[in-house]
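Chains, contacts and geometry: an overview
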Amino acid sequence: MNKNKQFVITINREVGSGGRTVGRLLAERLNVKYYDKALVAGLTEKFGLTLEEIERIKAQKKTWWNEFNNYYKTLVNSPILPMEAEVRLTTESMFETEKAILEGLAQEESCVVAGRSSFLVFRDWPNHLSVFVQASMQHRINRLVQKRGITEQEACDVIEQMDKSRETYIQKYDDTTRYDTRNYQLVLSMDDMTPEAAVNVIMSYIDNMEK
């Protein structure tokens, strides 16, 4: 990946690993937009988007992406933006809508995208870096307890539910697993690493790719 050209970096992560924070900090470091499931869900709801509506707006060359950018600024600065927003898309048409939104945003400018389907959406995208952020179970539990103010058992329940949901989602649309490291160029373990240190590793990897 060449950061001097238009690019897409996808962050696939385990809940509780800190991957969402890594993605946001990385986008800030690169001075590009950061997109995740919460944002896509908010955009879809606000604009009432379907795959057909997306194609119709594009065909009319309306300033759709400008409106998105304005809404993006409002949403990412909102204090009510959840730490983790799972959108349970259950039909192929809804998956295709999400894909069309992300591809449209990526066509406009460089960005960092976090989400369970992002590595699938951009698998064959030019100038793309795919990253997987993981951590041990205890690290994940501890982080959720701290971030959400829940008990360890509640954290375990959240992790089990989310892991199952994300894996089921991926396998619904592709014959792979999100744990297959061949889907990524870089895999990070967060047990002994801060989000800031993880960003440094990713930036170093990118710089070395350019040489």
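Computed from a predicted model, the values in this text were never measured in an experiment.

Overview of the overall build of the chain
A count of helical and extended segments in the chain gives nine helices and five strands. Burial analysis of the chain (211 residues in total) assigns 49% to the buried set. Put simply, of all contacts in the chain between residues at least 6 apart along the chain, 76% involve residues at least 24 apart. Working note: accessible area of the chain is about 10,600 Å², and carbon and sulfur atoms make up 47% of it.

Concerning the sheet that holds strand 1 (residues 8-13)
Here we have five strands laid out as an open sheet, ordered 2-3-1-4-5, and parallel in their pairing. At either end of the open sheet lies a strand with only one pairing partner, and these are strand 2 (33-35) and strand 5 (186-189). Sheet twist, expressed as the mean angle between neighbouring strand axes with direction ignored, is 20 degrees. Pairing analysis gives six bridges linking strand 1 to strand 4 (residues 128-134), with the strands arranged parallel. Its bridge partner lying in strand 4, Thr10 is registered against Ser130.

Some details on the nonpolar core
The biggest cluster of nonpolar side chains holds 23 residues, and the ones touching the most others in it are Ile9, Ile11, Leu26, Val112, Leu129, Val131 and Ile202. Secondary-structure elements contributing two or more residues to this core are strand 1, helix 1 (19-30), strand 3 (111-114), strand 4, strand 5 and helix 9 (195-209). Per element, the largest residue contribution to this core is five residues, and it comes from helix 9. Setting aside residues up to four positions removed in sequence, Leu26 forms contacts with Ile9, Ile11, Val112, Val199, Ile202 and Met203. Core analysis: the next-biggest nonpolar cluster, separate from the first, contains twelve residues, Tyr35, Leu105, Ala106 and Val113 among them.

Quick look at the packing of aromatic side chains
Scanning the entire structure with this criterion turns up four aromatic pairs. Aromatic pair Phe119 and Tyr184: ring centres 5.4 Å apart, planes at 55 degrees, arrangement tilted. Of this pair, Phe119 sits in helix 6 (residues 118-121) while Tyr184 sits in the loop between helix 8 (152-173) and strand 5, and the two are 65 residues apart along the sequence. Residue classification places Tyr184 among the buried residues on the basis of a relative accessible area of 8%. Consider the rings of Phe132 and Tyr184, whose centres lie 4.9 Å apart with planes at 20 degrees: the pair is stacked. You can see Phe132 sitting in strand 4 and its partner Tyr184 sitting in the loop between helix 8 and strand 5, a full 52 residues away along the chain. Tyr184 carries the same exposure label as Phe132, and that label is buried. Taken together, the ring pairs connect Phe119, Phe132, Tyr179 and Tyr184 into an aromatic cluster.

Describing the side chain of Ser130
Counting through the fold element by element, Ser130 comes out in strand 4. From its side chain, Ser130 meets the backbone oxygen of Asn183 in a polar contact 3.2 Å long.

Some words on the environment of Asn2
Tracing the sequence through the fold places Asn2 in the segment before strand 1. Assessed through its relative accessible area of 24%, Asn2 is described here as partly exposed. Each C-alpha atom of the pair Asn2 and Asp207 lies 8.1 Å from the other, and the pair is 205 residues apart in sequence.

Regarding the packing of helix 7 (residues 137-148) against helix 8
Running from N to C, helix 7 and helix 8 point in directions that differ by 115 degrees, and their axes come no closer than 9 Å. Between helix 7 and helix 8, the interaxial angle falls into the category roughly perpendicular. Handedness of the helix 7/helix 8 crossing: right-handed. In this structure, helix 7 contributes Met137, Gln138, Arg140, Ile141, Asn142, Leu144, Val145 and Arg148 to the contact, and helix 8 contributes Glu152, Ala155, Cys156, Val158, Ile159 and Asp163.

Procedures and definitions
Residues numbered from 1 in each chain as written. Predicted model: local features only at pLDDT ≥ 70, side-chain atom pairs only at ≥ 80, totals over all residues. Heavy atoms only, no water. Helix = DSSP H or I, 4+ residues; strand = E, 2+ residues; numbered from the N terminus. Buried < 20%, exposed > 50% of the residue type's maximum accessible area, 1.4 Å probe, protein only. Contact = heavy atoms within 4.5 Å. Areas by Shrake-Rupley, 256 points an atom, 1.4 Å probe, with all protein chains shown as cover. Pairing = 2+ DSSP bridges. Axes fitted to C-alpha atoms, helices over the stretch in contact; angles between N-to-C directions. Core = buried A, V, L, I, M, F, W, Y, C linked by side-chain atoms within 4.5 Å. Phe/Tyr/Trp six-rings, centres within 6.5 Å; stacked < 30°, edge-to-face > 60°. Polar contact = N/O pair within 3.5 Å; in protein donor to acceptor, adjacent residues only side chain to side chain. Parallel < 35°, antiparallel > 145°, perpendicular 65-115°, else oblique. Left-handed = near helix turned anticlockwise from the far one by under 90°.

Function cannot be read off these values alone, since they describe shape.
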